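# Examination of the molecular architecture
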Amino acid sequence: GYTGYLYHGNASAQGSAHGTGYMYVRYNTTGNAFRVGHTFEVNGNGGTYDYKFSFPQELPEKTDIDIRMTTGTSNNGRFTASFDILLIKNEL
């Protein structure tokens, strides 16, 4: 019964780890396929990745979000990711 508006995301890497991040989104209206909604690079030595969307990304109710990381040259890097979503109740 709510629509989400993704407006901010961030990620960080442990120590010297670095990698490419993918935010996969499965919209309620597209069946079972996850699609890449956003990509980013993060480097432990370079600080965190911090992104504010110019226009919030609309996420209809029952949308799934999956964040995945592919490490660069380092093995077993530890990564964290978070995002901020504003929820607005749908009208009846």
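Residues numbered from 1 in each chain as written. Predicted model: local features only at pLDDT ≥ 70, side-chain atom pairs only at ≥ 80, totals over all residues. Heavy atoms only, no water.

### Regarding the overall build of the protein
In terms of helices and strands, the protein carries zero helices and six strands. Along its sequence from the N terminus, the protein presents helices and strands in the succession β-β-β-β-β-β. Taken over the C-alpha atoms alone, the protein extends approximately 50 × 25 × 20 Å along its principal axes. Taking all 92 residues of the protein together, the buried fraction comes to 25%. Contacts in the protein between residues far apart in sequence, at least 24 positions, make up 77% of those at least 6 positions apart. Here the protein displays about 6200 Å² of accessible surface, and carbon together with sulfur accounts for 47% of that area. Positive and negative charge centroids in the protein, built from 7 and 8 side chains respectively, lie 5 Å apart. (Helix = DSSP H or I, 4+ residues; strand = E, 2+ residues; numbered from the N terminus. Buried < 20%, exposed > 50% of the residue type's maximum accessible area, 1.4 Å probe, protein only. Contact = heavy atoms within 4.5 Å. Areas by Shrake-Rupley, 256 points an atom, 1.4 Å probe, with all protein chains shown as cover. Lys, Arg positive; Asp, Glu negative; His and termini not counted. Charge placed at Lys NZ, Arg CZ, Asp CG, Glu CD.)

### Side note on the side chain of H8
Of note, H8 is situated in strand β1 (residues 2-13). At 2.6 Å, the side chain of H8 and the side chain of D50 are in polar contact. What H8 contacts, discounting residues up to four positions off in sequence, is D50, Y51, K52, F53, S82, F83 and D84. (Polar contact = N/O pair within 3.5 Å; in protein donor to acceptor, adjacent residues only side chain to side chain.)

### With respect to the packing of aromatic side chains
Going through the model one piece at a time under the given rule, you end up with four aromatic pairs. Considering the side-chain rings of Y51 and F53, the 4.9 Å spacing of their centres and the 85° angle between planes classify their relative orientation as edge-to-face. With a relative accessible area of 13%, F53 lands in the buried category. When the ring centre of Y24 is taken as reference, the NZ or CZ atom of R68 above it lies at 4.3 Å. (Phe/Tyr/Trp six-rings, centres within 6.5 Å; stacked < 30°, edge-to-face > 60°. Lys NZ or Arg CZ within 6 Å of the ring centre and 35° of its normal.)

### Regarding the sheet that holds β1
Spatial ordering of the open sheet is given by β4-β1-β6, a layout of three strands whose pairing is antiparallel. Lying at the two open borders of the sheet, with one neighbouring strand each, are β4 (49-59) and β6 (79-89). Shown here is a sheet whose adjacent strand axes are inclined to one another by a mean of 15°, direction ignored. Summarising the sheet, β1 and β4 pair through seven bridges and their orientation is antiparallel. Paired with L6 across the two strands is Q57, which belongs to β4. (Pairing = 2+ DSSP bridges. Axes fitted to C-alpha atoms, helices over the stretch in contact; angles between N-to-C directions.)

### Focus: the pattern of salt bridges
Opposite charge on two side chains lets them pair, provided their charged atoms get close. Enumeration over the complete set of coordinates arrives at two salt bridges. Salt-bridge contacts for D66 lead to R68; the nearest nitrogen and oxygen are separated by 2.7 Å. Accessibility expressed as a relative area gives 38% for R68, which makes it partly exposed. (Salt bridge = Lys/Arg side-chain N within 4 Å of Asp/Glu carboxyl O.)

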